[in-house]
Amino acid sequence: EAAGLEARVARTATRVARRLIAVASGKGGVGKSTVSANLAVALAKRGRPVGLVDADISGPSQPRLFGVEDAKPDAADKRMYPVATPAGVPIVSMGMLVPKDQAIAWRGPMLAGALGQLLDAHWGAADPLILDLPPGTGDVQLTMVQKHRPAGAVIVSTPQDLALIDARRAIDLFEKAGVPIIGLVENMAGYACPHCGEVSDPFGSGGAEADAARLGLPFLGRIPLSREVRAASDAGTPPAAGNGTDAAAFDAVAQAVDD
Ligand code: ADP
C-alpha cells in the first residue's frame, strides 16, 4: 500500500516536472499542426527528448504528418504508449482514441478525460511535450490551462490581419490564465516563385512580427509558404527532418523556443 502510494507520488512528481509547450492559433488552417510537428522535429534534432501530443479534435493530423497514420498505440496499466515515428518524435493523438473517419463530438468532460489520457501516456523521459491544440479558445484550451499548467505557449498566425485578430484572442486566454507566451511564429510568409524566384506575400508580410512588437511578445521567426512544406507534410516526412531552407526556418524557431 505504502509502496503504491510512493509510486503514485513519484509519478505525479515526474508529471509536474515534464514541461508542456502549447502550440495555439486563433484560426484553423494557419499551419498550427505543421508548425507543432516541425518544431518538435527541430527540437529533437537539437537533442531534446521531445514528445508530441495531438489534441486537435477538429482535425487530428499528426499521425499523417509523421507518416504513422495506421499505427495503433499499445497500452499497459490502462495507459497508452506513444507511437514511435521515423522522424524520432514519439506521438499520441486524439485521432488514436476514436475509429478513423468518425467525428469527435465530445462535450467538456469527455474532452478533458481524453486530454488527460494523452498527457498521462507512458512518456518516460520525454520533455518537453509539444501540444498541438485545436484552433480557438474552447474546452480543450480551458482544461489545458486550468488543469495542466503549460510552461508556455507558442502562437501561430499567418501575416493576414484576420488570423492575427483571432490570434490575439488566443493570446488573451493564456495571459489571463498566467501561462507565459513564449512568442509568435509567422507561418505562410513570403512565397518564392519556383519559376522566376520573385518573392511575393500572398497573405501579407510582417503582420505577426509587428503584432508581437506591439504586444511586447517575442517574435520566434517566419516560415515561408512553400510547396516543399506542403508536399513533405502530405508525404508524412516533416520538412524539418531534412536540410533545406524550410528546415533552417524551423530550426531557427526551435532555437528561439529552446533559449
Ligand atoms: P492548422 O493546424 O492551423 O489547421 P495545418 O498545419 O493543418 O493548419 O495546415 C493547413 C494546410 O496548409 C495543410 O495542408 C498544410 O500542409 C499547409 N501548410 C501549412 N504551413 C505551410 C507552409 N508554410 N507552406 C505551405 N503549406 C503549408
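Note that residues are indexed from 1 along each chain, following the sequence as it is written. A pLDDT threshold of at least 70 governs which residues receive local features in this predicted model, and a stricter bar of 80 or more applies before side-chain atom pairs are shown or counted, although totals over entire chains, interfaces and linings include all residues.

Undergrad: Sorry if this is basic, but what is going on with the sheet that holds strand E2 (residues 51–54) here?
TA: Hydrogen bonds along the backbone pair up the strands of a sheet, which may run parallel or antiparallel. Judged by pairing direction, the sheet is parallel, and its 7 strands sit side by side in the order E5-E2-E6-E1-E7-E8-E11 without closing on themselves. For this open sheet the edge positions go to strand E5 (91–93) and strand E11 (219–224), each flanked by a neighbour on one side alone. On average, each strand axis in the sheet is inclined to that of its neighbour by 20°, with strand direction left out of account. Any two strands with at least two DSSP-identified bridges between them are counted as paired. Only DSSP runs of H or I reaching four residues or more are called helices, and only runs of E reaching two or more are called strands; each is numbered from the N terminus. Relative to strand E7 (residues 152–157), strand E1 (residues 20–24) is paired through 4 bridges, and the arrangement is parallel. Its bridge partner being in E7, valine 23 is matched across the sheet by valine 154. Contact between residues is assigned whenever the C-beta positions, reconstructed from backbone atoms, fall within 7 Å. Axes, fitted as lines to C-alpha atoms, cover a helix only where it is in contact. Angles between the N-to-C directions of the axes lie from 0 to 180 degrees. In this fold helix H7 (residues 207–215) packs onto E7, strand E8 (181–189) and E11, with an angle of close to 160° to the strand it touches most, E8.

Undergrad: I keep staring at the UniProt feature "binding site: ATP" (unreviewed entry) in the protein and nothing clicks. Help me out?
TA: Mapped onto this numbering, the UniProt entry annotates "binding site: ATP" (unreviewed entry) at Gly26, Lys27, Gly28, Gly29, Val30, Gly31, Lys32 and Ser33. Counting through the fold element by element, glycine 28 comes out in the loop between E1 and helix H2 (32–45). Glycine 28 has contacts with Ser58 and Pro135, leaving out every residue within four places of it along the chain. Checked against the element boundaries, glycine 31 lands in the loop between E1 and H2. Excluding anything up to four places from it in sequence, glycine 31 contacts Val156, Asn187 and Met188. UniProt positions are given in the numbering used here, feature names are shortened, and annotations may be inferred rather than shown by experiment.

Undergrad: What's the story with helix H8 (residues 227–234) in this structure? I'm lost.
TA: A turn of α-helix holds 3.6 residues, and therefore any two residues three or four places apart point the same way. Burial in H8 covers these residues: Val229, Ala232 and Ser233. Buried residues along H8 cover an arc of 100° about the axis, so they all sit on one side. Every exposed residue of H8 that faces more than 90 degrees away from the buried side is listed here: Arg227, Ala231 and Asp234. At its buried positions, H8 is contacted by H2, helix H3 (62–65) and helix H9 (245–258). Just past H8, the residue glycine 236 takes up positive phi, approximately 75°. Buried means a residue has 20 or more other C-beta atoms within 10 Å of its own C-beta, exposed means 12 or fewer, and partly exposed covers the counts in between; C-beta atoms are placed from the backbone. To obtain the arc, one takes the directions from the helix axis to the C-beta atoms.

Undergrad: I'm lost on the site of the ligand in this one. Help?
TA: In the vicinity of the ligand, 17 residues are found, and the nearest of them are Gly31, Lys32, Ser33, Thr34 and Val229. Of all the secondary structure elements, the ones that give two or more residues to the shell around the ligand are H2, E8 and H8. Placing the C-beta atom from the backbone, one calls a residue near a molecule or strand if that atom lies within 6 Å of it.

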